[in-house]
Amino acid sequence: MRIIELDSCGSTNDEAWARQDGAPTLVVAQMQHSGRGRLGRRWESEKTGNLYTSLWLPAPTDHTWLALLPLAAGVAAAETIMAFWPQCDEKGLRLKWPNDLMINNAKCGGLLCEARWSSGKMTGMVAGLGLNLEHVPELSGGRVVTALRAEGFQGLTAPALWAETWAANLMRWVATIAKQNEKSLLQRWEELAHLDAFPLFETHEGGALRRYQAMGLDLSGRLRVRDMTTMRESTLDQAP
C-alpha cells in the first residue's frame, strides 16, 4: 500500500483518484478545503488535528459486492476507534446508516465511497473517511456533531497513524468479502450499529420527511426498514 501524506488538499478522494498507480493508495491530509459528503454536504477544516483520508482500491473482479464497500469502511472506522480508545463503548460509539459514525448521539465522522467507470468497465473505487479527532466543525442545518477529544479521548491523534490503521482494517474486510464471506461483515455492521438501542431514524426523500424503523441488513447490504407512517416494510439502497 502506497501512503501519501499531504499538508493540505481540496479533497482526499480526488487526490486518491489522481495519485493512484494501480496499487492500493492511501492519501491522508492535515487539512481539507473541498471535502464532500453525501447529498452535496461538505467535510472540511481550516485546522489541523482531524482525520481526512481516502483509500483507492483496484476494481474488484466481482462487482456485485460493491454496495458493501461503505459498510466495510464504516466497520473498519469503528474498529479503528475501538483500537485507539477501548473505552469508547461507554460513550455510545455506533454506526448509523448509511455512512455516519456516532458518539453520544452526535456525529463524529462520515464516509464517502465512490466508483468510477470507463467504457462500461470499472476503473477502481475509493473509500473516504473524515473523523473529528480534535476539533468540532461548525455545520449548518441543525446537525449535532462532536469530536473524540470533546467526548473524553485522551490518546494520541496523529492522523497518519489513524489512517494507516483504518486502511489496514478496511483491506482486511475487503479481502473477507472477496472470499464470499459477506455475512461476517453484515453481522459485524449490525453489532456496531446497535440497532436494538437505536432503531429509529429519519430521511428526506423528495422533500418529504420519512421516519423508519431499522430492522437489519439484507444479504446485499441494503437496510431493511419499516415505514413508521404506513408500517410497510421495504429495503433502502446503499450504493457507493
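In this numbering scheme, every chain counts its residues from 1 along its sequence in written order. A pLDDT threshold of at least 70 governs which residues receive local features in this predicted model, and a stricter bar of 80 or more applies before side-chain atom pairs are shown or counted, although totals over entire chains, interfaces and linings include all residues. With hydrogens and water set aside, each side-chain value is computed from the structure's full complement of heavy atoms.

Draft legend 1. Spatial organisation of the nonpolar core. To qualify as a nonpolar core, a set must consist of buried Ala, Val, Leu, Ile, Met, Phe, Trp, Tyr and Cys residues joined through side-chain atoms within 4.5 Å. Any residue under 20% of the maximum accessible area for its type is buried, any over 50% is exposed, and the rest in between are partly exposed; the area is computed with a 1.4 Å probe on protein chains only. Of all hydrophobic cores here, the largest spans 57 residues; its most connected members are Ile81, Leu101, Leu131, Leu148, Trp166, Leu170 and Trp189. Every residue pair with non-hydrogen atoms within 4.5 Å of one another is taken to be in contact. Residue contacts for Trp166: discarding those within four places in its chain leaves Leu26, Thr53, Ser54, Leu55, Ala73, Ala76, Ala77, Thr80, Leu111, Ala127, Gly128 and Leu129. With nine residues, the next largest nonpolar core counts Leu6, Val27, Ala29 and Val126 among its residues.

Draft legend 2. Quick look at the side chain of Thr157. Note that Thr157 resides in the loop between strand S7 (121-131) and helix H3 (159-178). By relative accessible area, which is 12% here, Thr157 ends up buried. Pairing of N or O atoms within 3.5 Å defines a polar contact, subject to two protein rules: one partner must be a possible hydrogen donor and the other a possible acceptor, and residues neighboring in sequence count only if both atoms are side-chain atoms. Polar side-chain contacts of Thr157 include one of 2.6 Å to the side chain of Glu134. Beyond its immediate stretch of four places on either side in the chain, Thr157 contacts Gly49, Leu133, Glu134, Arg149 and Trp162. In DSSP terms, a helix is any run of H or I states spanning at least four residues, a strand is any run of E spanning at least two, and both are numbered starting from the N terminus.

Draft legend 3. Region of interest: a nonpolar patch on the surface. Here the term patch refers to residues with relative accessible area over 30% and no salt bridge, with like charges joined within 9 Å and nonpolar side chains (Val, Leu, Ile, Met, Phe, Trp, Tyr) within 5 Å. Areas reported here follow the Shrake-Rupley algorithm with a probe of radius 1.4 Å; residue values treat only the protein chains shown as occluding. When a carboxyl oxygen of Asp or Glu is within 4 Å of a side-chain nitrogen of Lys or Arg, the pair counts as a salt bridge. A cluster of nonpolar side chains, namely Leu200, Met228 and Met231, defines an oily patch on the protein surface of about 300 Å² accessible area. By secondary structure assignment, the location of Met231 is in the loop between strand S10 (223-227) and strand S11 (233-236).

Draft legend 4. Geometry of the environment of Asp227. Here Asp227 lies in strand S10. Beyond its immediate stretch of four places on either side in the chain, Asp227 contacts Arg210, Arg211, Tyr212 and Arg232. For Asp227, the side chain forms a polar contact with the side chain of Arg210, separated by 2.3 Å. Only 3.2 Å separates the side chain of Asp227 from the backbone nitrogen of Thr230, close enough to count as a polar contact.

Draft legend 5. Up close: the sheet that holds strand S3 (residues 51-57). Two strands pair under a simple rule: DSSP has to find at least two bridges between them. What the seven strands build is an open sheet, ordered S1-S2-S3-S7-S6-S5-S4; its pairing is mixed. The sheet is open, and its two edges are formed by strand S1 (2-9) and strand S4 (94-96), each paired on a single side. Averaged over all pairs of adjacent strands, the angle between strand axes in this sheet comes to 20°, irrespective of strand direction. Relative to S7, S3 runs antiparallel, the two being bridged by seven bridges. The residue bridging Tyr52 from the neighbouring strand is Gly130, located in S7. Here, axes are lines fitted to C-alpha atoms. For helices the fit covers the stretch in contact, and angles between N-to-C directions go from 0 to 180 degrees. Set on the sheet, H3 makes contact with S1, strand S2 (25-32), S3, strand S6 (106-118) and S7; between it and S3 the angle comes to about 35°.

Draft legend 6. Layout of the state of the cysteines. Cysteine sulfurs are considered disulfide-paired once they come within 2.5 Å of each other. For the coordinates displayed, the defined rule picks out zero disulfides. Cysteine Cys113 is unpaired, with the sulfur of Cys108 as its nearest cysteine sulfur at 16 Å.

Draft legend 7. Focus on the packing of aromatic side chains. Any two of the Phe, Tyr and Trp rings considered here, Trp counted by its six-membered ring, make a pair once their centres fall within 6.5 Å; the pair's planes then place it as stacked at under 30 degrees, edge-to-face at over 60, or tilted in between. One pass over the structure, following the stated rule, counts five aromatic pairs. Each residue in the set Phe84, Trp85, Phe153 and Trp162 is aromatic and connected to the rest through ring pairs, giving one cluster. Directly above the aromatic system of Phe198 lies the positively charged group of Arg94, at a separation of 3.8 Å from the ring centroid. The criterion is that NZ of a Lys, or CZ of an Arg, lies within 6 Å of the ring centre and within 35 degrees of the ring normal, and then a charge sits over that ring.

Draft legend 8. A look at helix H2 (residues 69-84). For H2, which comprises 16 residues, the first-to-last C-alpha distance of 23 Å matches the rise-based estimate of 22 Å (1.5 Å per residue) to within 8%. In terms of burial, H2 is a largely internal element, 13 of the 16 residues being buried. Expected helix span is given by 1.5 Å per residue-to-residue step, counting one fewer step than there are residues.

Draft legend 9. Unusual backbone geometry, seen in detail. Along the chain, Trp97 connects to Pro98 via a cis peptide bond; the corresponding omega equals 5°. Here Pro98 shows up in the loop between S4 and strand S5 (100-103). A positive phi angle is found at Asn105, which is not glycine, with a value near 65°. Asn105 sits in the partly exposed class, given a relative accessible area of 47%. The phi dihedral of His194 falls on the positive side, at around 50°, and the residue is not glycine. Along the polypeptide, His194 turns up in the loop between helix H4 (182-193) and strand S8 (200-205). You can call His194 partly exposed: its relative accessible area is 32%.

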